[in-house]
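Examination of the molecular architecture
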Amino acid sequence: MSADATVLDPDGLISDVLVEAEPLSRRVAELGEELSRDYAGRDVLLVGVLKGAVFFMADLVREITIPCEIDFMAVSSYGSGTDSSGVVRILKDLDANIEGRHVVIVEDIVDSGLTLSYLVRNLEARQPASLEVCALLTKPERRKADIECRYVGFEIPNRFVIGYGLDYGERFRSLPYVAALDETKLPELDV
């Protein structure tokens, strides 16, 4: 664990690093290349899901070599717990009209897939020309909804993860890597 974790984690809640900063950076660059190639010559809109996807979205956009626009949505399905309820509320909707546009949802993590499934259905109803998902992280063993992610950074084990935009109680977003929380120190944690 790096020195910054000692400062950012005085309670010792970080268990282990799952994806180091360098592989994260490398994979984001590769995803940027894929999106640039796949959407060359098309009007593409990247839709970041707040708050967790902000770090990923910012780095991803800098790696895309074609013109693109960005917009954001904020949704809530967790309430005060750590397990998705599947009941989704839109807290901030898109500013842009997506009808006839090529849209890529940029998500930090796909866990159960319930929130993302709702979001995909909601955006499909707005009649985009195409709609794909780009997720930094996926937890396939947690999936409850059948959701397809065309672009995936990393598949990770069923652990509660933090860092690179992901949080636990609004803490740890600024870590430059993805780490797992020590679940023995958080008995109420439902990964």
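Everything below is about the structure shown above.
Below you will find a few notes about this structure. (Residues numbered from 1 in each chain as written. Predicted model: local features only at pLDDT ≥ 70, side-chain atom pairs only at ≥ 80, totals over all residues. Heavy atoms only, no water.)

1. Observations regarding helix 3 (residues 54–63)
Convention followed: Burial status follows relative accessibility: with a 1.4 Å probe on protein chains alone, a residue under 20% of its type maximum counts as buried, one over 50% as exposed, and anything between as partly exposed. Strands here are runs of E lasting at least two residues and helices are runs of H or I lasting at least four, both read from the DSSP assignment and numbered beginning at the N terminus. By construction, the arc corresponds to the directions joining the helix axis to the C-beta atoms. The contact criterion used throughout is that any non-hydrogen atoms of two residues lie within 4.5 Å.
Of the positions making up helix 3, those classed as buried are F56, M57 and L60. The buried side chains of helix 3 occupy one side of the element, clustering within an arc of 95° when seen end-on. On its buried face, helix 3 sits against helix 2 (21–38), strand 2 (44–50), strand 3 (68–76), strand 5 (102–110) and strand 6 (130–138).

2. Let's talk about unusual backbone geometry
The residue after L50, namely K51, is reached through a cis peptide bond having omega -5°. Within the secondary structure layout, K51 lies in the loop between strand 2 and helix 3. With a phi angle near 60°, Q127 is a residue other than glycine that sits in the positive phi range. With respect to the element layout, Q127 can be found in the loop between helix 4 (114–124) and strand 6. The backbone of Y164 sits at a positive phi, close to 50°, despite the residue not being glycine.

3. Overview of the nonpolar core
Stated precisely, the cut-off is as follows: Here, the term nonpolar core denotes a set of buried Ala, Val, Leu, Ile, Met, Phe, Trp, Tyr and Cys residues that are joined through side-chain atoms within 4.5 Å.
If you look at the biggest cluster of nonpolar residues, it comprises 26 residues, and the most contacted ones within it are L35, F56, L60, V104, C134, L136 and L137. Every element with two or more residues in this core is listed here: helix 2, strand 2, helix 3, strand 5, strand 6 and strand 7 (151–155). Among the elements that take part in this core, helix 2 stands out by supplying four residues, more than any other. When sequence neighbours within four positions are dropped, the list of residues in contact with C134 reads L31, L35, F56, L60, V104, I105, V106, E107 and Y151. Counting 20 residues, the second largest nonpolar core, distinct from the first, contains V47, V49, L119 and V133.

4. Section: the environment of N97
Applied cut-off: Polar contact is defined as a pair of N or O atoms within 3.5 Å, subject to the rule that within protein one atom must be able to donate a hydrogen and the other to accept it, and that residues adjacent in sequence are counted only when both atoms are side-chain atoms.
Within the element layout of this structure, N97 appears in the loop between strand 4 (89–92) and strand 5. Sequence separation of N97 and P128 is 31 residues, and the distance between their C-alpha atoms is 9.0 Å. One polar contact links the side chain of N97 to the main-chain amide nitrogen of E99, over a distance of 2.9 Å.

5. As for the state of the cysteines
For clarity, the cut-off: Pairs of cysteine sulfur atoms within 2.5 Å are what we label disulfides.
Using the criterion set out here, one finds zero disulfides in the structure. Take C134: it sits in no disulfide, and the sulfur closest to it among the cysteines is that of C149, at 8.7 Å. Classification of C149 by relative accessible area gives buried; the value is 17%.

6. Some thoughts on the environment of E141
Secondary-structure assignment places E141 in the loop between strand 6 and strand 7. The spatial distance from the C-alpha of E141 to the C-alpha of N158 is 6.7 Å, given a sequence separation of 17 residues. Excluding residues within four positions of it along the chain, E141 makes contact with P157 and N158.

7. Some points on the sheet that holds strand 7
We apply this condition: Any two strands with at least two DSSP-identified bridges between them are counted as paired. Axis geometry follows a simple rule: fit a line to the C-alpha atoms, using only the stretch in contact for helices, then measure angles between N-to-C directions, giving values from 0 to 180 degrees.
Read from one edge of the open sheet, six strands run 4-3-2-5-6-7, paired in mixed fashion. The open sheet terminates on both sides in strands that have one partner only, identified here as strand 4 and strand 7. Within this sheet the neighbouring strands show an average axis-to-axis angle of 30°, counted without direction. Summarising the sheet, strand 2 and strand 5 pair through five bridges and their orientation is parallel. Counted as the bridge partner of V47 is I105 from strand 5. Contacts from helix 2 reach strand 5, strand 6 and strand 7, with the element oriented near 160° to strand 7. Lying on the sheet, helix 4 is in contact with strand 2, strand 3, strand 4, strand 5 and strand 6; it crosses strand 5 at an angle near 170°.

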